[in-house]
Every structure is written in structure tokens, then in C-alpha cells.
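Below are the chains, spelled out letter by letter.
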Amino acid sequence: MEHKTLVDAVVTAEWEMFSNVQNVGGKASCQMDPKTFRIMRSSQMDNWDDELLGSYLEDLLNARLEGRNLVTEKYARMMESTFPEEYAQLADSLPPLDPEAMAQVDDIVAAHVAWKEDLDSRFPSLADRGRPLRSRDDRPGWVSMETYLRAELRTYSPKTIALYHRATMERLRKGESEAEQNLLHQVRQYGFEDIESAEKHFSARR
């Protein structure tokens with residue numbers, strides 16, 4: 001597949017799972033907003049190479065065949081931080097975690113937290129529009145980027161985690177920031193030329 005086709009296939013598979021997550025009280029408003037979902041997820045996936053995208057797409061398709069919803073599992077794993085007592089009751093129903101893969105997840109999360117911390121310091125108006133950064137700031141209904149990312153990564157296969165870890169370590173070696181590339185993709189899809197333009201726009205509205 002071409003890169004764009006791979007990104008589209010991944011985001012489409014994710015949307016199918018996301019829009020079918022069962023919530024108390026019915027669907028959330030974000031589950032009826034495919035445009036925003038596609039912007040946010042494609043902005044992230046566009047940074048990945050085709051091998052990583054292909055492996056993650058395989059995870060999504062295999063989960064579908066097994067009757068699993070990886071987005072539901074992601075939200076369940078977030079509860080370890082936000083609702084620890086409830087999480088303890090359902091933890092055994094979730095797929096077991098590979099210890100080596102979890103060590104790699106910690107490395108990936110640490111890199112993303114550092115990248116996001118740098119971004120927030122340079123673009124505070126855009127930072128105000130996003131999630132809190134660290135798990136210590138979690139509260140019911142408002143989950144940090146650190147908790148969200150760790151929970152998502154824990155739904156990936158060990159193969160996908162290993163590929164993502166390799167890509168993340170290579171970015172660190174080169175001094176690149178995936179978080180900055182992700183944000184650039186986002187603001188361009190919202191019509192801004194670059195991150196600086198978006199920051200100027202939202203700082204004027206603070």
C-alpha cells in the first residue's frame with residue numbers, strides 16, 4: 001500500500017472501534033465527529049513509517065477478527081490511573097502484558113512527555129487547548145497525555161511496540177520531535193501555515 005492509503009486504512013479501522021465504544025448514558029459527542037477524529041489520528045499516523053503502520057493495521061484487523069475493541073481496552077487501561085479500584089476489578093479480563101514490551105512502552109512515553117513539555121513551553125496558547133501533560137494531573141473525566149499514551153501503547157502487539165520503540169529511539173538520536181511533527185500536521189489541517197501561526201491566532205484570543 002502507499003503511505004496515505006495505509007494511514008487511511010489505520011484511521012478507518014480505529015474509527016470503527018472508537019465509534020462503537022459502549023459508554024454509560026450512550027455515545028459521547030466525540031463519537032459522532034469523524035472529521036475531528038480523522039484529523040487528530042491521521043496527524044499522528046502520518047509520522048510513522050510504512051512498516052510500523054502495517055504492523056499496527058495488522059493489530060487492528062486481528063483484534064476485529066477476535067471480537068476485541070482496542071479502543072475499549074485503551075480506556076479500560078486508563079482507569080489504572082483514574083479509577084484504580086474499578087481497574088483492579090477488571091484488570092484480569094484484559095490481555096496480559098509482555099514485560100519486555102512494557103519496558104519499551106516506558107521509553108516511548110518518556111520521550112513523548114519530554115517532547116510535549118518542550119512544545120508546551122514554546123507554544124503555551126496551544127498547550128492550553130490540550131490535555132494535561134503528566135499522570136499526576138489525572139482526574140476523573142480528564143486524562144493526561146502521559147496516561148492516555150501509555151494506555152494506548154499497551155493495546156499494541158509486542159511487534160508493533162518494538163517497531164515504534166526503534167523509531168522513537170532513532171528520532172531521539174537525530175534530535176527530532178514526533179510531537180512537534182504531529183502538531184504541525186494538525187494545525188495545517190485546520191488551515192494554518194505552521195505552528196507559530198496557530199499559536200499567534202490562539203494567543204490573541206486568550
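It should be noted that the structure appears before, not after, this text.
Residues numbered from 1 in each chain as written. Predicted model: local features only at pLDDT ≥ 70, side-chain atom pairs only at ≥ 80, totals over all residues. Heavy atoms only, no water.

Caption draft 1: Up close: the overall build of the protein chain. Helices and strands together make up the secondary structure of the protein chain, namely 11 helices and 0 strands. Over its C-alpha trace the protein chain gives a radius of gyration of 17 Å, about what one expects of a compact globule, namely 17 Å for 206 residues. Expressed as a percentage of contacts within the protein chain between residues at least 6 apart in sequence, the contacts between residues at least 24 apart total 69%. Within the structure as shown, the protein chain displays about 11,400 Å² of accessible surface, and the carbon and sulfur contribution to it stands at 52%. (Helix = DSSP H or I, 4+ residues; strand = E, 2+ residues; numbered from the N terminus. Rg over C-alpha atoms; globule rule 2.2 N^0.38 Å. Contact = heavy atoms within 4.5 Å. Areas by Shrake-Rupley, 256 points an atom, 1.4 Å probe, with all protein chains shown as cover.)

Caption draft 2: Fine view of helix 11 (residues 195-203). Turning to helix 11, its buried residues are Ile-195, Ala-198, Glu-199 and Phe-202. Looking down the long axis of helix 11, one finds its buried residues gathered within 100° of arc, a one-sided arrangement. You can read the cap of helix 11 off the contacts: a side-chain oxygen lies 3.4 Å from the backbone nitrogen of Glu-196, and it is on Asp-194. (Buried < 20%, exposed > 50% of the residue type's maximum accessible area, 1.4 Å probe, protein only. Arc of directions from axis to C-beta. Polar contact = N/O pair within 3.5 Å; in protein donor to acceptor, adjacent residues only side chain to side chain.)

Caption draft 3: Representation of the side chain of Gln-186 within the structure. Tracing the backbone shows Gln-186 in helix 10 (residues 178-189). Taking relative accessible area as the criterion, Gln-186 reaches 16% and is therefore assigned buried. When residues no more than four places from it in sequence are discounted, the contact partners of Gln-186 are Ile-39, Met-40 and Ser-43.

Caption draft 4: Region of interest: the pattern of salt bridges. The full count for this structure, using the stated rule, is 20 salt bridges. One salt bridge connects Arg-68 with Glu-66, and the closest N-O pair in it is separated by 3.1 Å. Taking relative accessible area as the criterion, Glu-66 reaches 54% and is therefore assigned exposed. For Arg-68, a relative accessible area of 27% puts it in the partly exposed group. A cluster of three or more residues bridged by salt bridges with shared partners is formed by Glu-14, Arg-41, Lys-74 and Glu-152. (Salt bridge = Lys/Arg side-chain N within 4 Å of Asp/Glu carboxyl O.)

Caption draft 5: The environment of Asn-182, seen in detail. Looking at where Asn-182 falls in the secondary structure, it is placed in helix 10. Sequence spacing of Asn-182 and Asp-194 is 12 residues, and the spatial spacing of their C-alpha atoms is 12 Å. The contacts of Asn-182, once residues within four sequence positions are left out, are Met-40, Ser-43, Gln-44 and Asn-47.

Caption draft 6: Spotlight on helix 2 (residues 34-45). Between the first and last C-alpha of helix 2 there are 16 Å, a value that for 12 residues agrees with the 16 Å anticipated at 1.5 Å per step. Taken residue by residue, helix 2 has Phe-37, Ile-39, Arg-41, Ser-42, Ser-43, Gln-44 and Met-45 as its buried positions. The inward-facing, buried residues of helix 2 contact helix 1 (3-18), helix 3 (50-65), helix 4 (70-82), helix 8 (145-153), helix 9 (158-174) and helix 10. (Expected span 1.5 Å × (residues − 1).)

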